[in-house]
Amino acid sequence: MSVKIPRGTQDILPGQSEKWQYIEKIAKDICRRYHYKEIRTPIFEHTELFKRSVGDTTDIVQKEMYTFEDRGERSLTLRPEGTAAVVRSFVENKMFGIPDQPVKLFYTGPMFRYERPQSGRYRQFVQFGVEAIGSEDPAIDAEVIALVMDIYKTAGLKKIKLVINSLGDAESRSAHREALINHFEPRIEEFCSDCQMRLKQNPLRILDCKKDREHELMASAPSILEYLNEVSKSYFAKVTAYLDLIGIGYTIDPKLVRGLDYYNHTAFEIMSEAEGFGAITTLCGGGRYNGLVQDLGGPESPGIGFAFSIERFIAAMEAEKIEWPVDNGLDCFVVALGDNAKDRSVSIVHELRTAGFSAERDYQDRKMKAQLKASDRQNARFTAILGEDELAENKITVKDMAQSTQDEVQLNDLVQYLKTKMEAK
Ligand code: ATP
Ligand code: MG
């Protein structure tokens, strides 16, 4: 029996991988413009890191982590998200000491969660995220939101919706927490076992429950916005004022809470409103985490960030039927006939590649017709044909596949010829 791919993972094959590269390229380019620099952290971390930052009461820590013991009996976990590691690194590398704050970072790479696989939900998926750590200026909240909206817009997505909320500061949250407990406690038996646990541990997360979404107490639950103290209110007002200033539309949803424990003040999500996108519509989630750096042993350094998965990004692009820019990448296929010509074609493709073109030749000892077909299939922009006669004269026939024209070119001039032709395009 052959070994199959693990459940909830996927192979990204040629034809698809170009889409990934395309999105990663856009995201990195937008990060450059907003002046965010890349950070790369390990794929696994000490389990303790996620317990302390993501939080013991979250689905991620309780149900979704890939945790294992290594040969040295350390408990390690494949990272389920990116923020914890970035903040750990911020503390460990004393980035709080850098004169210019916030430190603005982006990352991309695979994340691992033991989830029930379905469309848009994988056990290994790739996130792209940013973190700005070290400033509590509401302009940074607006900047981070603008950055991710810019990425989506540059890729061509139109049917997306930005939803924001404020979770307030610690004082506001604890007042709201009391109100939530009073609201749910009398009828908590009607809720799922997870919600019953959440009631005392973290009642805010009841609002995020996927099973009890339709319960009547959900709609009537006290809104965090009514419990915001003055500081939190004015902070939120400033964030939305900045979004207005730079022309970013949003909807305020007082029921928006985020899955992770460490959020406060600004929380936001971006959804796809494209028809046929499916049940899971959240493309991106983000928010502010002012206490996290301290929780992980650093000085007070307020932060904010977001993450989206490339999987759901691609699904949104396809739901909106956005065309992927096709760059096939094959400039010239060299067709060779006869042993001498075949030998010579080895150095021709090498010269072309050295000169910066992408070039291909036949490796299956195929006849002329089959080689021409291969060149066609691979969408070569030019097909260069070398027979024994041409070789004897040090020439090669070059066909422009789109124009259906052809020229005889001196072998020594091939590189220059192709350069001139390509520039003319
Ligand atoms: P959900 O409510 O869909 O489970 P989440 O709150 O667990 O999302 P976050 O931890 O905020 O998600 O992660 C940020 C983004 O990462 C999500 O908005 C989504 O785009 C993506 N994401 C999360 N889990 C998965 C997954 N299992 N497969 C693919 N993408 C995912
Ligand atoms: Mg989840």
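In the block above lies the structure referred to throughout.
What counts, and where the lines are drawn
Each chain carries its own residue numbering, running from 1 in the written order of its sequence. As they are written, the chains are lettered A onward and the ligands numbered 1 onward, keeping that order. In keeping with the model being predicted, local features are shown solely for residues with a pLDDT of at least 70 and side-chain atom pairs are shown and tallied solely at 80 or more, while totals for entire chains, interfaces and linings include all residues. Hydrogens and water are ignored here; the side-chain numbers use all heavy atoms of the structure. Here a strand is any run of E in DSSP of at least two residues, a helix any run of H or I of at least four, and the numbering for each starts at the N terminus. With the radius of gyration taken over C-alpha atoms, the globule rule is written as 2.2 Å times the number of residues to the power 0.38. For every residue, the accessible area obtained with a 1.4 Å probe (protein chains only) is divided by the maximum for its type, and the residue is called buried under 20%, exposed over 50%, and partly exposed between those limits. Every residue pair with non-hydrogen atoms within 4.5 Å of one another is taken to be in contact. Method for areas: the Shrake-Rupley scheme with a 1.4 Å probe, in which residue coverage is limited to the protein chains shown. In this tally, Lys and Arg are treated as positive and Asp and Glu as negative; His is ignored, and so are the chain termini. The atom standing in for a charge is NZ when the residue is Lys, CZ when it is Arg, CG when it is Asp and CD when it is Glu. Pairing between two strands is assigned when DSSP locates at least 2 bridges connecting them. Lines are fitted to the C-alpha atoms to define the axes, a helix being fitted only along its stretch in contact, and any angle between axes, read from their N-to-C directions, falls within 0 to 180 degrees. A cutoff of 4 Å decides nearness: a residue is near a molecule or strand if any of its heavy atoms lies inside that distance of it. Counted as a polar contact is a pair of N or O atoms within 3.5 Å, where, for protein atoms, one must be capable of donating a hydrogen and the other of accepting one, and residues adjacent in sequence contribute only when both atoms are in side chains. Amino acid classes used here: Ala, Val, Leu, Ile, Met, Phe, Trp, Tyr, Cys and Pro are nonpolar; Asp, Glu, Lys and Arg are charged; the rest, including Gly, are polar. Two kinds of site are reported from a 1 Å grid over the protein atoms alone, namely cavities, where a 1.4 Å probe fits but cannot get out, and pockets, open sets with protein on both sides within 12 Å along at least five of seven lines, and residues are called lining when an atom falls within 4 Å of a point. Grid points are joined across faces, edges and corners, and a volume is the space filled by probe spheres set on the points. Within this scheme, the nonpolar core is defined by two criteria: the residues are buried Ala, Val, Leu, Ile, Met, Phe, Trp, Tyr or Cys, and they are joined through side-chain atoms within 4.5 Å.

### Here we look at the overall build of the protein
Right, on to step 1. In terms of helices and strands, the protein carries 15 helices and 16 strands.
Right, on to step 2. Over its C-alpha atoms the protein spans a radius of gyration of 28 Å, topping by over 25% the 22 Å that the globule rule assigns to 425 residues.
Right, on to step 3. Along the three orthogonal principal directions, the C-alpha set of the protein runs to about 90 × 55 × 45 Å.
Right, on to step 4. Counting the 425 residues in the protein, one finds 50% classified as buried.
Right, on to step 5. Partitioning the intrachain contacts of the protein with sequence separation of at least 6 by distance along the chain shows that 69% fall at a separation of at least 24.
Right, on to step 6. On the protein, roughly 21400 Å² of surface is accessible, and the fraction owed to carbon and sulfur atoms is 49%.
Right, on to step 7. Computed over 57 positive and 66 negative side-chain charges, the inter-centroid distance for the protein is 3 Å.

### With respect to the sheet that holds strand S1 (residues 37-38)
Right, on to step 1. Sheet architecture is open: eight strands sit in the order S1-S5-S6-S11-S10-S9-S7-S8, paired in mixed fashion. Lying at the two open borders of the sheet, with one neighbouring strand each, are S1 and strand S8 (251-252).
Right, on to step 2. Bridge analysis of strand S10 (residues 282-288) against strand S11 (residues 303-309) gives five bridges, and the strand direction is antiparallel. Within S11, the position partnered with Gly286 by the bridge is Phe306.
Right, on to step 3. Packing against the sheet, helix H4 (residues 83-92) makes contact with strand S5 (103-112) and strand S6 (124-133), and its axis sits at approximately 40° to S6.

### Quick notes on the sheet that holds strand S12 (residues 332-336)
Sheet strands associate in pairs through backbone hydrogen bonding, adopting either a parallel or an antiparallel arrangement.
Right, on to step 1. Pairing is mixed in the open sheet, where five strands are placed in the order S13-S12-S14-S15-S16. The open sheet has two edge strands with one neighbour each: strand S13 (359-361) and strand S16 (405-410). Across the sheet, the mean angle separating the axes of adjacent strands is 25° when strand polarity is ignored.
Right, on to step 2. Here S12 pairs with strand S14 (residues 382-386) via five bridges, running parallel.

### Some words on the pairing of strand S9 (residues 264-272)
The side chains of a regular strand alternate, residue by residue, between the two faces of the sheet.
Right, on to step 1. For S9, a buried count of nine out of nine residues is recorded, marking the element as mostly surrounded by other parts of the structure.
Right, on to step 2. As paired strands, strand S7 (residues 160-166) and S9 are joined by seven bridges and run antiparallel to one another. By the bridge assignment, Leu162 is partnered in S9 with Ile270.
Right, on to step 3. Summarising the sheet, S9 and S10 pair through six bridges and their orientation is antiparallel. Opposite Glu269, over in S10, you have Gly285 as the bridge partner.

### Let's talk about the site of ligand 1
Right, on to step 1. Taken together, 16 residues sit near ligand 1, with Arg113, Glu115, Arg121, Arg258 and Leu283 positioned nearest.
Right, on to step 2. Glu115 is positioned with one of its side-chain polar atoms (N or O) 2.6 Å from a nitrogen atom of ligand 1.
Right, on to step 3. Residue Gly120 places a main-chain N or O atom 3.5 Å away from a nitrogen atom belonging to ligand 1.
Right, on to step 4. Of all elements in the fold, only S6, S10 and S11 reach the threshold of two or more residues within the shell around ligand 1.
Right, on to step 5. By residue number, the principal contributor to the shell around ligand 1 is S10, which donates four residues.
Right, on to step 6. In terms of residue class, the shell around ligand 1 is made up of five nonpolar, five polar and six charged.

### A short note on empty space enclosed by the protein
To find the voids left in a structure, one rolls a probe of water-molecule size over its atoms.
Right, on to step 1. Applying the stated criterion across every chain yields a total of three cavities of 30 Å³ or more.
Right, on to step 2. Empty space within the largest cavity amounts to approximately 50 Å³.
Right, on to step 3. Taken together, Thr57, Asp59, Gln62, Asp194, Met197, Arg198, Gln201 and Arg205 form the lining of the largest cavity.
Right, on to step 4. No other element matches helix H7 (residues 193-201), which puts four residues into the lining of the largest cavity.

### Considering the nonpolar core
Right, on to step 1. Ranked by size, the top nonpolar core spans 49 residues in total, and within it Tyr152 and Phe308 carry the most contacts.
Right, on to step 2. Top element by residues in this core is helix H5 (residues 138-155). It accounts for 11 residues.
Right, on to step 3. The contacts of Phe308, once residues within four sequence positions are left out, are Ala27, Val126, Gln127, Phe128, Val148, Ile151, Tyr152, Leu283, Cys284 and Phe313.
Right, on to step 4. Val61, Ala84, Tyr107 and Tyr263 belong to the second largest nonpolar core, which has 46 residues in total.

These results come straight from atomic positions and should not be treated as a statement about function.
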